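# Survey of secondary and tertiary structure
Residue strings, one per chain:
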Amino acid sequence: MIIAFDAKRAFQNRTGLGEYSRGLISGLVHQYPEHHYHLLGPALNRDVWDPARLLAGHVYLHLSPPGTGALWRTWLSGIHAGRIGAQVFHGLSHELPTGLPAKVRKVVTMHDLLFRQFPEDYPLADRIIYDYKFRSACKRADTIIAISEATRLSLIDTYRIDPSRIKVIYQGCRAVFYQREDTIDRDLRLSKMNISTPYLLSVGSVIRRKNLHQVVQALAMLPPDLRIPLVVVGRGKSYLREVLTLAAQLGIESLIRQVQPVDDQDLAALYQASSALVYMSRAEGFGIPVLEALASGTPVLTSSRSSLPEAGGEGALYADPDDPAHIRDGLARLLTDTDFCGALRIGAQAHLHRFRPEKLSAQLMEVYEQAGTYS
């Protein structure tokens, strides 16, 4: 089978949609090397991803001609996919090119509709463009892949999509988070970042939807002997300043440590050494930091809303993201109840089986075989 992908995010995005795209493509190539995989996208940023090791198999790069810009992704890449004989085209991040021939079966992954749920976080022009592109892709796709049940329900409610056209296929996390680093090496990485244990961990962009101000309030409500630093991995602007101002008002400004996004090994070390991940987002398409923490053997306190219970399963503790007292109680339990944390780790191991790369790749291949002309 000849399968083409919109690989823009794989080629250019370091995190989020890029990690999803690279993991999906790599998993398929590894498990199903008999097929032909064509990656269509703009200029390849080798600092983000170097797919050279994949090219030994049936993997081909198709980079956009100079000067084509957005026209390549929205239209010309579809025409090109037809010319190379693609039987299936998979748009990995909400979009399908309009130039796809009718004979090419169309699959699109929809990660979330957060721009509709939290319009205040997105400029008006972006919301208009997203709505047009997302709605169009869903209308033209033969199969829509939602990365969570929460996203599936959002698509049905917002765009009135026939539920039979949507397949939920989760995403996995990178192998580095399953690997246990030597304690000495891990401590050296923490020292390089000027971080010492114990600490709580928050991973992700510092934006209002992530609810970090509620976590800060909960931290201030803990008994003094349980207050430990909160290491925040992620960038932020005005909302970050609000959070730091709140921490100062509550007298715990010294407990908040922000570090810029780090490499995979550093992030894995941060997960493994932390007392707990605190991820109290009000809504997510999936919530990959929760899965990364579970794979790292780290206790997790996360939101009881949206897709977060899907990401955490029986391996996480849940709290109302808008109730600081509830968050405080969850933190206190994770910091004091070692037996409970041990039970969570056991639950996490069972839950993680749902996200094995070979299982997710098999689900994707089943979608391609049903949608395409494979025989």
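Let us look at the structure shown here. All figures in this text were calculated on a predicted structure; none of them were measured in a lab.

### Considerations on the environment of P198
Within the secondary structure layout, P198 lies in the loop between α7 (183-192) and β8 (200-203). Non-local contacts of P198, meaning those with residues more than four positions away in its chain, are made with I228, P229 and S275.

### Regarding helix α5 (residues 124-140)
Between the first and last C-alpha of α5 there are 25 Å, a value that for 17 residues agrees with the 24 Å anticipated at 1.5 Å per step. What α5 keeps buried is the set D131, F134, S136, A137 and C138. Next to the buried residues of α5 lie β5 (105-110), α4 (114-117), β6 (143-146) and α6 (149-159).

### Here we look at helix α14 (residues 338-352)
Compared with an ideal rise of 1.5 Å per residue, which puts 15 residues at 21 Å, α14 spans 21 Å between its outermost C-alpha atoms and is within 8% of the ideal. Those residues of α14 that fall on the buried side of the exposure criterion are F340, C341, L344, G347, A348, H351 and L352. Each buried residue of α14 lies within a common arc of 130° when the element is viewed along its axis, so the set occupies one face. Exposed residues lying more than 90 degrees from the buried face of α14 are T338, D339 and I346. For α14, the secondary structure elements touched by its buried residues are α11 (288-295), α12 (308-312), β13 (317-319) and α13 (324-336).

### Digging into the sheet that holds strand β7 (residues 166-168)
In any sheet, the strands associate via hydrogen bonds between backbone groups, in a parallel or an antiparallel arrangement. Spatially, β3-β2-β1-β4-β5-β6-β7 is the arrangement adopted by the seven strands of the open sheet, whose pairing is parallel. Among the strands making up the open sheet, the edge pair consists of β3 (59-63) and β7. Averaged over neighbouring strand pairs, the angle between their axes works out to 20° when direction is ignored. Along the sheet face, α6 touches β5, β6 and β7 and points at about 165° away from the line of β7.

### A look at the packing of helix α8 (residues 212-221) against helix α9 (residues 238-249)
Packing of α8 against α9 leaves a shortest axis separation of 9 Å and a crossing angle of 15°. Relative to α9, the element α8 is oriented roughly parallel. Remark: the crossing between α8 and α9 carries right-handed chirality. Counting all contacts with α8, which are made through L212, H213, V216 and Q217, the residues of α9 involved are Y239, V243, L246 and A247. The residue inventory of the contact of α8 with α9, partitioned by class, reads six nonpolar, two polar and no charged.

### Re the pattern of salt bridges
Applying the stated criterion across every chain, the model contains 26 salt bridges. A salt bridge links D264 to R174, with the nearest nitrogen and oxygen atoms 2.5 Å apart. Taken together, the positions of D264 in helix α10 (residues 264-273) and R174 in the loop between β7 and α7 put the pair 90 residues apart, joining distant regions of the chain. Classification of R174 as partly exposed rests on a relative accessible area of 22%. Where D322 meets R282, a salt bridge forms, and the shortest distance between an N and an O atom there is 3.8 Å. Placement of the pair is D322 in the loop between β13 and α13 and R282 in the loop between β11 (276-279) and α11, with a sequence separation of 40 residues. Its relative accessible area of 32% is what places D322 among the partly exposed residues. Each of E19, R22, R174, D264 and E292 takes part in one network of salt bridges that share partners.

Each value, and the rule that gives it
- Residues numbered from 1 in each chain as written.
- Predicted model: local features only at pLDDT ≥ 70, side-chain atom pairs only at ≥ 80, totals over all residues.
- Heavy atoms only, no water.
- Helix = DSSP H or I, 4+ residues; strand = E, 2+ residues; numbered from the N terminus.
- Contact = heavy atoms within 4.5 Å.
- Expected span 1.5 Å × (residues − 1).
- Buried < 20%, exposed > 50% of the residue type's maximum accessible area, 1.4 Å probe, protein only.
- Arc of directions from axis to C-beta.
- Pairing = 2+ DSSP bridges.
- Axes fitted to C-alpha atoms, helices over the stretch in contact; angles between N-to-C directions.
- Parallel < 35°, antiparallel > 145°, perpendicular 65-115°, else oblique.
- Left-handed = near helix turned anticlockwise from the far one by under 90°.
- Nonpolar A, V, L, I, M, F, W, Y, C, P; charged D, E, K, R; others polar.
- Salt bridge = Lys/Arg side-chain N within 4 Å of Asp/Glu carboxyl O.

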